[in-house]
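Fold and contact review
Listed below, chain by chain, are the residues.
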Amino acid sequence: MKNILVTGINGFIGRHISFALSNKYNIYGISRKEYLSNGICVKYIPFDISSDLFVDKVSLILDDIYAIVHVAANISNNINELIDTNCRGSIHIAQLAQKLDVKKVINISSIQVIGEPKSLPIDENHPIAPKTLYHSTKIFGEYVLNNLLDLGIGVYNLRISSPIGYDMPNNKIFSVFVDNCMKNENINIYGQGQRIQNYIDVEDISQAVLKCIESNKFGTYNIASDKSYKNIELAQICKNVLNSDSSIVYANNIDTEEEKSWIISIDKARKELGFNPNIRLENTIRQRQNYIEGNSIK
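**As for the packing of helix H5 (residues 173-182) against helix H7 (residues 231-242)**
- Here H5 crosses H7 at 35°, and the two axes come no closer than 9 Å. As for how H5 packs across H7, the hand of that crossing is right-handed. Along its contact with H5, which presents Ile173, Phe174, Phe177, Val178, Cys181 and Met182, the element H7 presents Asn231, Leu234, Ala235, Cys238, Lys239 and Leu242.
- When the residues that make up the contact of H5 with H7 are grouped by side-chain class, the tally is ten nonpolar, one polar and one charged.

If you want it as structure tokens, here you go:
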């Protein structure tokens, strides 16, 4: 079995990716804290990727790594932490990949590196103009890792849309809507609920990573679901799926991104990677319901 190194293995996305890959590969993991996952890791290394000692120390521990799946990222508002983890950390991952002579690096990026959607559907040729420091650091990571192509290392930058899953953080719009519906509490809509977003289940993201490991192509790919939804549509679907008595309430707050439409083309990933998202929004809603209620996840 090939050995795959996953950074950020304790996080929401890293956790699911490592579990999905563990059926076919030996998983090695890196994160700053104690290992929190479910014992699938062959070797876990508690280390900060931004540390100046990272490359030298980790390269002594690891051997025969086929691919690195780089998920680790800082999403805080602390400028120094963002730059240390997302910029310096990406440099260190590139150096580690070179030192370990890996064959592939799969970098989890974000569709929002483009900034404002200027043309629809959004494809991989859309102009790049990140609006936040976080997304600036993510595009920096893409540029740094792309340098590995000159060394014969395949690089995949996966620009994912809004990730969802049954055990996702509680403060995201999807989990808030589902949880409120389960409690029959009001669903508060900002603005007129017309912002269009694209939600992709983390299991589909995991399958995209698997496709990259097995592919003989490389490049930048949008990884998203087949359909995008207005916020008001998401609320209505949650109500219907959960048979909820929640009321949809229009808050007095203005949605500053009311006119945004994240309608995303995945044609390139379909054609070159064979990627096809399989998990419908309704399924993820039911899975979160089961998770919250303590039932088995199906």
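**Re unusual backbone geometry**
- With an omega of -5°, the peptide bond between leucine 120 and proline 121 qualifies as cis.
- With respect to the helices, strands and loops of the structure, proline 121 is situated in the loop between strand S5 (104-110) and helix H4 (133-146).
- In the Ramachandran plot, asparagine 243 falls in the positive-phi region, its phi being about 50° despite a non-glycine side chain.
- Its location among the elements puts asparagine 243 in the loop between H7 and strand S12 (248-250).

**Quick notes on the nonpolar core**
- In this structure, Ile4, Leu21 and Leu158 are the most contacted members of the largest nonpolar core, which totals 58 residues.
- The element contributing the most residues to this core is helix H6 (residues 202-214), with seven residues.
- The next biggest cluster of nonpolar side chains, apart from the first, holds 25 residues, and it includes Ile49, Ala72, Ala94 and Leu96.

**Digging into the environment of tyrosine 156**
- Looking at the secondary structure, you find tyrosine 156 in strand S6 (residues 154-160).
- As for tyrosine 156 and glutamate 142, which are separated by 14 residues in sequence, their C-alpha atoms are 8.8 Å apart.
- Dropping the residues within four chain positions of it, tyrosine 156 is found in contact with Lys104, Val105, Ile106, Asn107, Cys212, Ser215, Lys217, Phe218, Gly219, Tyr221 and Leu273.

Reading the values: rules and limits
- Within each chain, residues carry numbers counting from 1 in the order of the written sequence.
- Side-chain atom pairs in this predicted model are given and counted only at pLDDT of 80 or more, local residue features only at pLDDT of at least 70, and totals for whole chains, interfaces and linings cover all residues.
- Side-chain numbers come from the whole structure's heavy atoms, not from hydrogens or water.
- For every element, the axis is a line fit to its C-alpha atoms; helices are fit only across the contacting stretch, and the angle between N-to-C directions ranges from 0 to 180 degrees.
- Each helix is a run of DSSP H or I of at least 4 residues and each strand a run of E of at least 2, with the numbering of both proceeding from the N terminus.
- Each crossing gets its handedness from the near helix: less than a right angle anticlockwise from the far helix is left-handed, clockwise is right-handed.
- Only heavy atoms enter the contact rule, under which two residues are in contact if any of them lie within 4.5 Å.
- Note on residue categories: nonpolar means Ala, Val, Leu, Ile, Met, Phe, Trp, Tyr, Cys or Pro, charged means Asp, Glu, Lys or Arg, and polar means any other residue, Gly included.
- The definition of a nonpolar core used throughout is a set of buried Ala, Val, Leu, Ile, Met, Phe, Trp, Tyr and Cys residues joined through side-chain atoms within 4.5 Å.
- Type-normalised accessible area, obtained with a 1.4 Å probe on protein chains alone, sets the label of each residue: buried when under 20%, exposed when over 50%, and partly exposed for intermediate values.

Scope: geometric values only; no functional claims are made or implied.
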